[in-house]
Amino acid sequence: MQVPAPFEYERAGSVEHALTLLAKYGQAARVIAGGHSLIPMMKLRLAAPEVLVDINELTELSGIDASAETLRVGALARHADLLSSAAAGALFPVLHDAERVVADPIVRNRGTVGGSLCQADPSEDLSAAFAAVRAEAVIRGPDGERAVPVREFFRGPYETAVGPAELLTEIRVPVVPGAGSAYAKVGRRAGDWAVAAAAAALTLEGGTVVEAGIGLTAVGAPRFVAAEAEDFLRGGAATAERFAKAGAIAAEHCRPAADQRGPVDYKRHLVATLTTRALALAKTRAEA
């Protein structure tokens, strides 16, 4: 049997209560929301927190709303909530593309957006999607609230900018006129972790790329971003040839590892193909 090590359990009644509990227990505590990543790790003894702080009653963190300037996604919003949000899908199709391939309906009904980001799994879908659209992570702690660009939120595999006594409360995505986005993924089977995946966001002015965002999943891209490919696209024409070149640049600069999902050369091939495909769809959506 796979059984977690012994732990204490605390249920937070408010954000301030959760922060108080996290400050009290420090490094010994872990936040639990959906639990689809944490609980399996605890069963395998890969994680052994002494205290679990349950934040499921913090409904103030579960909302999704949009204004003319910003899409706000509460950290406790479930994957299914984000997938069913018409506003999120209209403004950022990349988020719906990614959510459709996150695990399965059971996981999406319970797993949370904030939990996925805080897990910082190199193969996690939403991290690349939010990196591509240059989202901000809002973190609250004893010293107040701070906003961290998602591209700086990830410190490494399974490491983020959230401190021991802090809580991710929401994700903010700036709304940019004339933008389009998309996500393309290859997995071994439906609902599986990605072999490779690419998120793309384009802002166009005429036929020119004003701004580009490219996020990569499961291929060792630093902080999920293909910065060199973005630099190549910015200021140039939005053509199929340039998209293919950007895909090749993204493949060249990522650092995939050979594993049970495939060898390095295959993963680089997927990066080039999926980046090109996501850019083409993002362009089509930006022009719609």
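Refer to the structure presented above.
All residue numbers here refer to positions counted from 1 along the written sequence of the relevant chain. In keeping with the model being predicted, local features are shown solely for residues with a pLDDT of at least 70 and side-chain atom pairs are shown and tallied solely at 80 or more, while totals for entire chains, interfaces and linings include all residues. Hydrogens and waters are ignored; side-chain quantities use all the structure's heavy atoms.

**So, the overall build of the protein**
Next up, step 1: Numbering of helices and strands starts at the N terminus; helices are DSSP runs of H or I of at least 4 residues and strands are runs of E of at least 2. Scanning the protein for helices and strands turns up twelve helices and 13 strands.
Next up, step 2: Along the first, second and third principal axes, the C-alpha atoms of the protein reach 55 × 45 × 30 Å.
Next up, step 3: Relative accessible area decides the class of each residue, using a 1.4 Å probe on protein chains only: under 20% of the type maximum gives buried, over 50% gives exposed, and in between gives partly exposed. When the 288 residues of the protein are sorted by exposure, 49% land in the buried category.
Next up, step 4: Only heavy atoms enter the contact rule, under which two residues are in contact if any of them lie within 4.5 Å. Restricting to contacts in the protein with at least 6 residues of sequence separation, those with at least 24 account for 63%.
Next up, step 5: For every accessible area listed, the method is Shrake-Rupley and the probe measures 1.4 Å; residues are considered covered only by the protein chains on display. Counting only carbon and sulfur atoms, one obtains 53% of the accessible surface of the protein, whose full area is about 12800 Å².
Next up, step 6: His is not counted, nor are the chain ends; Lys and Arg add positive charge and Asp and Glu add negative charge. By convention, the point assigned to a charge is CZ for Arg, NZ for Lys, CD for Glu and CG for Asp. Computed over 30 positive and 34 negative side-chain charges, the separation of the two mean positions in the protein equals 5 Å.

**Digging into the pattern of salt bridges**
Next up, step 1: By convention in these notes, a salt bridge is any Lys or Arg side-chain nitrogen within 4 Å of a carboxyl oxygen on Asp or Glu. Within the structure shown, the criterion is met by 18 salt bridges.
Next up, step 2: In this structure, the salt-bridge partner of Arg172 is Glu170, at a minimum N-O distance of 2.6 Å.
Next up, step 3: For Arg172, a relative accessible area of 22% corresponds to the partly exposed category.
Next up, step 4: Here the salt bridges do not stand alone but share partners, grouping Arg134, Arg151, Glu211, Glu230, Asp231 and Arg234 into one network.

**Points about the sheet that holds strand β12 (residues 194-205)**
Next up, step 1: Ordered by their spatial adjacency, three strands build an open sheet running β11-β12-β13, and the pairing between neighbours is antiparallel. The sheet terminates laterally at β11 (179-187) and β13 (208-217), the two strands that pair on one side only. On average, adjacent strands in this sheet sit at an angle of 15 degrees to one another, irrespective of strand direction.
Next up, step 2: Only strands that DSSP links by at least two bridges are regarded as paired with each other. By the bridge criterion, nine bridges tie β12 to β13 in an arrangement that is antiparallel. Interaxial angle, 0 to 180 degrees, is taken between N-to-C directions of lines fitted to C-alpha atoms, where a helix line uses only the stretch in contact.

Function-wise, these values are silent; they only describe arrangement.
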